[in-house]
Amino acid sequence: MQFKVLSVVGTRPNFIKIAPLVKETKKRKEIRHVLVHTGQHYDKAMSKLFFDDLEIPKPDVNLGVGSSSDVTQTAKIMMKFEKVLMKEKPNLVIVVGDVNSTFAAAITARKCGIKVAHVESGLRSFDLSMPEETNRILTDHISDFLFTTEESANKNLINEGIDKNNIYFVGNVMIDTLLKHKEKAQKSPILKKLNLKKGNYAALTLHRPSNVDDEDSLKYILSILDAIQRKIKIIFPMHPRTLKNIKKFNLFQNLKNQKNLIITEPLGYLDFLSLMSNSKFIMTDSGGIQEETTVLGIPCITLRNNTERPVTVEQGTNLLVSTDKSKIIQTANKIINGIDVKGKIPKLWDGKAAERIVNILVSRLG
Ligand code: UD1
Ligand code: UDP
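Scoring rules and cut-offs
- Residues numbered from 1 in each chain as written.
- Chains lettered and ligands numbered in written order.
- Predicted model: local features only at pLDDT ≥ 70, side-chain atom pairs only at ≥ 80, totals over all residues.
- Heavy atoms only, no water.
- Pairing = 2+ DSSP bridges.
- Helix = DSSP H or I, 4+ residues; strand = E, 2+ residues; numbered from the N terminus.
- Axes fitted to C-alpha atoms, helices over the stretch in contact; angles between N-to-C directions.
- Contact = heavy atoms within 4.5 Å.
- Near = heavy atom within 4 Å.
- Polar contact = N/O pair within 3.5 Å; in protein donor to acceptor, adjacent residues only side chain to side chain.
- Phe/Tyr/Trp six-rings, centres within 6.5 Å; stacked < 30°, edge-to-face > 60°.
- Buried < 20%, exposed > 50% of the residue type's maximum accessible area, 1.4 Å probe, protein only.
- Arc of directions from axis to C-beta.

**Q** Lay out the sheet that holds strand E10 (residues 261–264) with the relevant residues and their values.
**A** Strand pairing in a sheet is mediated by backbone hydrogen bonds. Such pairs are either parallel or antiparallel. On the basis of which strands lie adjacent, the open sheet formed by 6 strands has the order E10-E9-E8-E11-E12-E13 and parallel pairing. At either margin of the open sheet sits one strand with a lone partner, and together these are E10 and strand E13 (318–320). Looking at each pair of strands side by side, their axes are set apart by 20° on average, direction ignored. Note that strand E8 (residues 201–205) and strand E9 (residues 233–237) share 3 bridges and pair parallel. Bridging from a neighbouring strand, Ala202 pairs with Ile234 of E9. Running at roughly 130° to E8, helix H13 (residues 269–277) makes contact with E8, E9 and strand E11 (281–284) of the sheet.

Below, the structure is given as structure tokens:
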């Protein structure tokens, strides 16, 4: 029997996660697929570039919600998405990750009586000050299919009383995308463009509200970078949230004084993958990058006090060193001086997660 699936994306990491799922659904004659973009991210460098690099078809619907407070953004998505659901009447809504678009779409589908599949379910930082943690918990508790990436997620869901028959340990769709594009990324001109050589620079991303929304926290992180850029060139593709705050707090001069800290626009997927793959190490507060560096075998200094992705620390190359200045500088120095950071690839991060997900959906709904 044919069934209709509607997938929802809104932000940069969502596009990367949905790409292999869209491809798999297109292969199956049992599935009619509709793609909805909420418009949470809208700059070319945060949205269109990823559709181009990853050959994701143009969304069938764009809700165009744009930026606002977390509450307003969630509410706007719900109101606009309800209308789409009334028109499209899908059998299932797929949401990925932990952003406002994820939760807003899931709760709307649930309230309209439509089944929900959550991809990347069960991750927990146990830190409710992160907006994503609320999105994760609430989305999981209203989903019918919970697709997980690592064993810790299965445990978290069971501990929260979720029916184990609804939990499917399938692997990691973000890694499906990475493995598919790794070779192609090596053709990216980004190293040449930025005058870099393999292993002679570090890459940095920063966008968590806890690091960039508060003036003192942001200044503190910049002071850490200042110390590290004296030892190694740092490439910093700057997230728009961070750019907004650097402007708001008048910190551009501080950055200009750091001669070895190179700021760029946010990069497209292939350029950023090339930048990561050829770097000495990464510093980040991103969720997805902790996973990607584990698969690439690149040391990752995570500029946070916790992670919802413990497998990257236990098995991978993720060094969760907190946001303490001396610890971060010490760790960076050790890597610059050549300590080996070794890891292994977590179970089922093999490029086949999307195929497993779609097989399960077809067997349960088809
Ligand atoms: C969102 C997610 C976060 C995810 C990140 C991925 C939530 C609560 N947060 O954070 O989990 O890690 O995306 O990158 O959903 N802006 C632009 N252009 C854009 C998009 C945003 O200028 O295309 C600016 C706006 O000033 C906006 C700010 O960035 O207010 C923050 O954007 P928003 O989508 O609210 O949160 P992110 O920090 O991007
Ligand atoms: N990324 C990218 N260009 C950049 C920075 C990140 O393509 O300039 C990719 C990165 O490789 C990963 C994803 O964006 O696949 C992570 O997104 P982000 O850090 O914005 O969100 P999070 O994972 O923290 O939710």
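**Q** Lay out the site of ligand 1 with the relevant residues and their values.
**A** Taken together, 20 residues are adjacent to ligand 1, and His41, Asn100, Glu132, His207 and Arg241 come closest. Backbone polar atom of Tyr42 to an oxygen atom of ligand 1: 2.9 Å apart, as the coordinates give it. Between ligand 1 and Arg208, the relevant distance is 2.8 Å, taken from an oxygen atom to a side-chain nitrogen or oxygen of the residue. Residue assignment for the shell around ligand 1 shows that the elements contributing at least two residues are helix H3 (70–88), helix H5 (131–141) and helix H11 (240–248).

**Q** Residue-level account of the packing of aromatic side chains, with values.
**A** Any aromatic ring pair is given by two values, namely how distant the centres are and how the planes are angled relative to each other. Per the counting criterion, the structure on display carries 4 aromatic pairs. When the centroid spacing of 5.4 Å and the interplanar angle of 35° are considered together, the rings of Phe147 and Tyr168 count as tilted. Taken together, the positions of Phe147 in strand E6 (residues 145–148) and Tyr168 in strand E7 (residues 167–169) put the pair 21 residues apart, joining distant regions of the chain. The class for Phe147 is buried, based on a relative accessible area of 0%. For Tyr168, a relative accessible area of 14% gives the class buried. Through a chain of ring-to-ring contacts, three or more aromatic side chains come together here, namely Phe145, Phe147 and Tyr168.

**Q** Break down unusual backbone geometry for me, citing the residues and quoting the values.
**A** Phi at Lys89 is positive, roughly 45°, even though this residue is not glycine. Tracing the chain through its elements places Lys89 in the loop between H3 and strand E4 (92–96). Among the residues examined, Lys89 registers a relative accessible area of 60% and is labelled exposed. Positioned with a positive phi, Glu120 is a non-glycine residue whose angle comes to about 85°. Within the secondary structure layout, Glu120 lies in strand E5 (residues 115–121).

**Q** Pulling in residues and values, what's your account of H11?
**A** Helical periodicity: at 3.6 residues per turn, an α-helix aligns residues three or four positions apart in one direction. Regarding H11, the residues found buried are Thr242, Asn245 and Ile246. For H11, the arc enclosing every buried residue in end-on projection is 105°, short of the 170-degree limit, so these residues lie on one face. Across H11 from its buried face, at more than 90 degrees, point the exposed residues Lys244, Lys247 and Lys248. Looking at the buried side of H11, the elements it contacts are helix H9 (209–212), helix H10 (215–229), E9 and helix H12 (252–256).

Spatial relationships are all this shows, so hold off on functional conclusions.
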